[in-house]
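# Breakdown of the fold
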Amino acid sequence: MKKVCLILALASLSVLPVVRASTIIENFTTDPSLDGWQVFGDTNLFQWDSTNQILDVTWDSTQPNSYFYLPLGQTLTVTNSFCVQFDLQLSNAAAYGYGQELAIGLLHWSDATNINFSRTIDYPPNISPNVFEFDYFPAFNDGGYSSPDTVTATIVDSAANYNYCADAQSFVPGVTYHVVLLHYANSINISGVIYTNGQIMSTFPEVQNYYPVNDDGSFVLDTISVTSYADDGYGDDIFAQGTVANLVFASPLPVGVINTTTAGQVQFASDPSWIYTLEQTTDFQNWSPAAPAAFGNGTNLVLQATNPPAGKAFYQVIADLPTPD
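Below is a short write-up of the structure. The structure displayed is predicted, hence computed values, not measured ones. (Residues numbered from 1 in each chain as written. Predicted model: local features only at pLDDT ≥ 70, side-chain atom pairs only at ≥ 80, totals over all residues. Heavy atoms only, no water.)

### Let's talk about the overall build of the protein
If you tally the helices and strands in the protein, you get one helix and 26 strands. Relative to its length of 325 residues, the protein is compact, with a C-alpha radius of gyration of 20 Å against a globular reference of 20 Å. The C-alpha extent of the protein, read off along each of the three principal axes, is 60 × 50 × 40 Å. Looking at the 325 residues of the protein, the share that counts as buried comes to 51%. At a minimum sequence separation of 6, the contacts of the protein that also span at least 24 residues come to 74%. The positive charge centre, built from 5 side chains, and the negative charge centre, built from 30, are 17 Å apart in the protein. (Helix = DSSP H or I, 4+ residues; strand = E, 2+ residues; numbered from the N terminus. Rg over C-alpha atoms; globule rule 2.2 N^0.38 Å. Buried < 20%, exposed > 50% of the residue type's maximum accessible area, 1.4 Å probe, protein only. Contact = heavy atoms within 4.5 Å. Lys, Arg positive; Asp, Glu negative; His and termini not counted. Charge placed at Lys NZ, Arg CZ, Asp CG, Glu CD.)

### Quick look at the sheet that holds strand E25 (residues 300-304)
Here three strands make up an open sheet; going across it, the order is E20-E21-E25 and the pairing antiparallel. Two strands lie at the open edges of the sheet, namely strand E20 (259-260) and E25, each paired on one side alone. Pairing between strand E21 (residues 265-269) and E25: five bridges, direction antiparallel. Its bridge partner lying in E25, Ala269 is registered against Asn300. (Pairing = 2+ DSSP bridges.)

### A look at the sheet that holds strand E9 (residues 131-137)
The strand order across the open sheet built from eight strands is E3-E6-E18-E8-E9-E12-E13-E17, with neighbouring strands paired in antiparallel fashion. Only two strands of the sheet have a single partner each, and these edge strands are strand E3 (38-40) and strand E17 (206-209). The sheet shows a mean angle of 20° between the axes of neighbouring strands, direction not considered. Pairing geometry for strand E13 (residues 162-167) and E17, over four bridges, is antiparallel. Among the inter-strand pairings, Cys165 is bridged to a residue of E17, identified as Val207. (Axes fitted to C-alpha atoms, helices over the stretch in contact; angles between N-to-C directions.)

### Some words on the pairing of strand E6 (residues 66-76)
Inspection of the sheet shows E3 paired to E6 by three bridges, in the antiparallel sense. Looking at E6, one finds that Val39 is bridged to Phe68. Judged from the seven bridges that link them, E6 and strand E18 (residues 221-228) form a sheet pairing that is antiparallel. Across the sheet, the residue bridging to Pro71 is Thr223, located in E18.

### Details of the pairing of strand E16 (residues 199-202)
Direction of pairing for strand E15 (residues 191-196) relative to E16: antiparallel, over a ladder of three bridges. Looking at the pairing, Thr196 lines up with Gln199 of E16. In this structure, the hairpin formed by E15 and E16 is closed by a connection of two residues, where Asn197 is found at a positive phi of approximately 55°.

### Quick notes on the pattern of salt bridges
Here the structure, examined in full by the defined rule, presents three salt bridges. When the shortest N-O distance is used, the salt bridge between Glu101 and Arg119 registers 3.5 Å. Of the two residues, Glu101 is situated in the loop between strand E7 (82-96) and strand E8 (102-107) and Arg119 in the loop between helix H1 (109-112) and E9; the sequence distance between them amounts to 18 residues. On the basis of relative accessibility, which here comes to 15%, the residue Arg119 falls in the buried class. One connected set of salt bridges, linked through shared partners, spans Glu101, Arg119, Glu133 and Asp135. (Salt bridge = Lys/Arg side-chain N within 4 Å of Asp/Glu carboxyl O.)

### Regarding unusual backbone geometry
Of note, the amide linkage connecting Pro124 to Pro125 takes the cis form, showing an omega dihedral of 0°. Examined against the element boundaries, Pro125 turns out to sit in the loop between H1 and E9. At the junction of Ser251 and Pro252, the peptide bond is cis and its omega measures out at -5° in the coordinates. Here Pro252 is to be found in the loop between strand E19 (237-251) and E20. Within the chain, Asn186 stands out as a residue other than glycine whose phi angle is a positive 70°. Assignment of secondary structure puts Asn186 in the loop between strand E14 (176-183) and E15. Non-glycine residue Asn246 carries a positive phi angle of around 50°.

### Some points on the nonpolar core
With 46 residues, the main nonpolar core has Trp59, Leu88, Leu106, Phe134, Phe171 and Val226 as its most contacted residues. Core analysis: the second largest hydrophobic core is formed by 23 residues, Val248, Val266, Trp274 and Ala290 among them. (Core = buried A, V, L, I, M, F, W, Y, C linked by side-chain atoms within 4.5 Å.)

So this is what it looks like as structure tokens:
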């Protein structure tokens, strides 16, 4: 199974209507082009590995903006809740000059293919509106200026104003990292979690907001993409190679507001495409299953802890996708 959306239980007694999530799952067991995936830009940067059921990717900023992409079949706005998740493993990643990022996430296709679209030059006319993505910046040291390896979750609105969450974390070659990106309806923000070996590695703790006062954060997104961005023309580059697997998009979130009813019991609107597990903790450091996993029932699902701790406990619900046959 693949952990997807982690939502903490909220103290609420309302019962929400069920909205079935629109879900895209690409596990690369078959040729992704048969599922509608396409390549824009340098086709040599993306290769399907049928043996290992992964996508081999080269992020090379000396090449033009290049996308391994799939239209979502819908347009997302700030009023939508959604998540993106994937497994990422790097074999190498190097920065040159001040470096650049490798990216995976959501775009607005007409903007992303505009000749002036640039994630590496942030002044007109080269701007990059309507972006929701994970970025990894390899460390650089150039002319006395330096920056460590950094992961970010970035959102850019239609006016090209943006904010991001960051953490100084390194991706070790050969290790698989599971990345989750989340957007909650009517929020101008992005959030996320990175797992490795089933444990939380980062929750992107550093938040930077560059929205002007009274900016409502409106955006439009319609495409999921593994992205290699072109450089800024000044020798600030990235070259990285790795693999992407288990790429998933869902909207709305498979877990929304969670209602606490009695001690150790939660209730929430569930989706029959997902499996839900109630987890508990007493210290927010160590989480353990509190009840057997249960398939969503298409209505309000109740999960009850079978052995709640004697003292105060906190609960979260994990939404997993069934393992493909």
